[in-house]
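Structure at a glance
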Amino acid sequence: MVRVLVAEDVRMLRAALVRLLELEGDIEVVAEVERGDAVLAAALECRPEVAVLDIELPGGDGLEAAARLAESLPSCRVLILTGMGRPGNLRRGIAAGVAGFMLKDSRPDELVNAIRTVAQGGRVIDPHLAYAALEVADCPLTTREVDVLRLTATGATPREVAATLHLTYGTVRNYLASAVDRLGARSRVDAIQIASEAGWL
């Protein structure tokens, strides 16, 4: 029997997913949560073999929860469900030790088989996500441009970024401008979005 934790914030989707899995004779849903920050506590209490996590959860996303599970409960393998095939999320997931990535529009039997594969120590990556990740070019940004964009993405102003990185205000503005130019972006916000989706931040 494969013990499964399900994390999905939309109640109807969570209920449907739990019901789907409970129809399988070899899968038991031992916990269901609606927040990312509730995943680890539930997993430590119920000891699932597989955690099926929505990538977008309140209280910390599925990838953050996956990283916490990998550190505190490595016996629990993670299968991420996502509605959007962003290459950056796949790269972050692999770095967090995720064993599987499936799109939410996958067929139910594909999801069930993915859970079984992950439980047996295998890996599952939706082909569309894999191809999208392979198509993304190497990062054209310098290390400093990445640092500046990453901090700017948190909401820090150029002056705050300058203080954090021990740079001058003018140097930070130059890094931001060069990052926008290298990425062919329209603005700083656009540059952050491009870099985030590509997995460079």
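Computed from a predicted model, the values in this text were never measured in an experiment. Every chain begins its residue count from 1, and numbering advances along the sequence as written. Thresholds applied to this predicted model are a pLDDT of at least 70 for local features of residues and 80 or more for the giving and counting of side-chain atom pairs; totals over whole chains, interfaces and linings are not thresholded and use all residues. Hydrogens and water molecules were not included; the side-chain quantities draw on all heavy atoms of the structure.

Turning our eyes to something else, we now look at the overall build of the protein. Only DSSP runs of H or I reaching four residues or more are called helices, and only runs of E reaching two or more are called strands; each is numbered from the N terminus. When you go through the protein residue by residue, the secondary structure sums to 10 helices and 6 strands. In terms of overall dimensions, the protein has a C-alpha envelope of 65 × 35 × 30 Å along the principal axes. Each of the 201 residues in the protein was classed as buried or not, and the buried ones make up 44%. Note on contacts: a residue pair is in contact if any heavy atoms of the two residues lie within 4.5 Å. Taking all contacts inside the protein whose residues are at least 6 apart in sequence as the whole, residues at least 24 apart take part in 64%. Note that accessible areas follow from Shrake-Rupley with a 1.4 Å probe, and for residues the cover is restricted to the protein chains shown. As displayed, the protein offers around 10,400 Å² of accessible surface, 52% of which is attributable to carbon and sulfur atoms. Counted as positive: Lys and Arg. Counted as negative: Asp and Glu. His and the chain ends are not counted at all. Taken as the charge location is NZ of Lys, CZ of Arg, CG of Asp or CD of Glu. The average position of the 22 basic charges and that of the 28 acidic charges among the side chains of the protein differ by 5 Å. We call a residue buried when its accessible area falls under 20% of the maximum for its residue type, exposed when it is over 50%, and partly exposed in between, using a 1.4 Å probe and counting protein chains only.

Another aspect to go through is the environment of Gly36. As for its position among the elements, Gly36 is in the loop between strand 2 (27-33) and helix 2 (39-46). Taking the relative accessible area as the measure of exposure, Gly36 reaches 1% and is therefore buried. As for Gly36 and Glu8, which are separated by 28 residues in sequence, their C-alpha atoms are 8.7 Å apart.

A separate point is the confidence of the model for the protein. The predictor attaches a confidence to each residue, called pLDDT, with possible values from 0 through 100. Confidence in the prediction for the protein averages 91 pLDDT; 95% of positions are at 70 or higher. When mean pLDDT is taken per element in the protein, strand 1 (residues 2-7) scores highest with 98 and helix 6 (residues 127-135) scores lowest with 72.

This next bit is on the environment of Leu21. One can find Leu21 in helix 1 (residues 11-22). For Leu21, a relative accessible area of 0% translates into the label buried. Remark: the alpha-carbon pair of Leu21 and Val4, spanning 17 residues in sequence, is separated by 8.8 Å. Setting aside anything within four residues of it in sequence, one finds Leu21 in contact with Val4, Val6, Ile27, Val29, Val112 and Ile115.

Okay, the pairing of strand 4 (residues 77-82) next. In terms of burial, strand 4 is a largely internal element, 5 of the 6 residues being buried. Relative to strand 4, strand 3 (residues 50-54) runs parallel, the two sharing 5 bridges. Residue pairing for strand 4: Leu53 is matched across the bridge by Ile80. In the classification by handedness, the crossover that spans strand 3, the intervening helix 3 (residues 62-72) and the parallel strand 4 is right-handed. The pairing of strand 4 with strand 5 (residues 100-103) spans 4 bridges and is classified as parallel. Bridging from a neighbouring strand, Ile80 pairs with Phe101 of strand 5. We treat two strands as partners when DSSP finds at least two bridges between them. Clockwise travel from the first strand over the helix to the second, with the strands pointing away from the viewer, marks a crossover as right-handed.

For the pair helix 7 (residues 143-153) and helix 10 (residues 188-198), interaxial distance at closest approach is 10 Å and the crossing angle is 105°. By the angle class used here, helix 7 and helix 10 are roughly perpendicular. Taken together, the residues of helix 10 that come into contact with helix 7 (itself represented by Leu149, Thr152 and Ala153) are Ala191, Ile192 and Ala195. Residues that form the contact of helix 7 with helix 10 fall into these classes: 5 nonpolar, 1 polar and no charged. The convention used is that axes are lines fitted to C-alpha atoms, helices contributing only their stretch in contact, and that angles between N-to-C directions extend from 0 to 180 degrees. The scheme is simple: roughly parallel for angles under 35 degrees, roughly antiparallel for over 145, roughly perpendicular for 65 to 115, oblique for anything else. Asp, Glu, Lys and Arg are counted as charged, while Ala, Val, Leu, Ile, Met, Phe, Trp, Tyr, Cys and Pro are counted as nonpolar; the rest, among them Gly, fall into the polar class.

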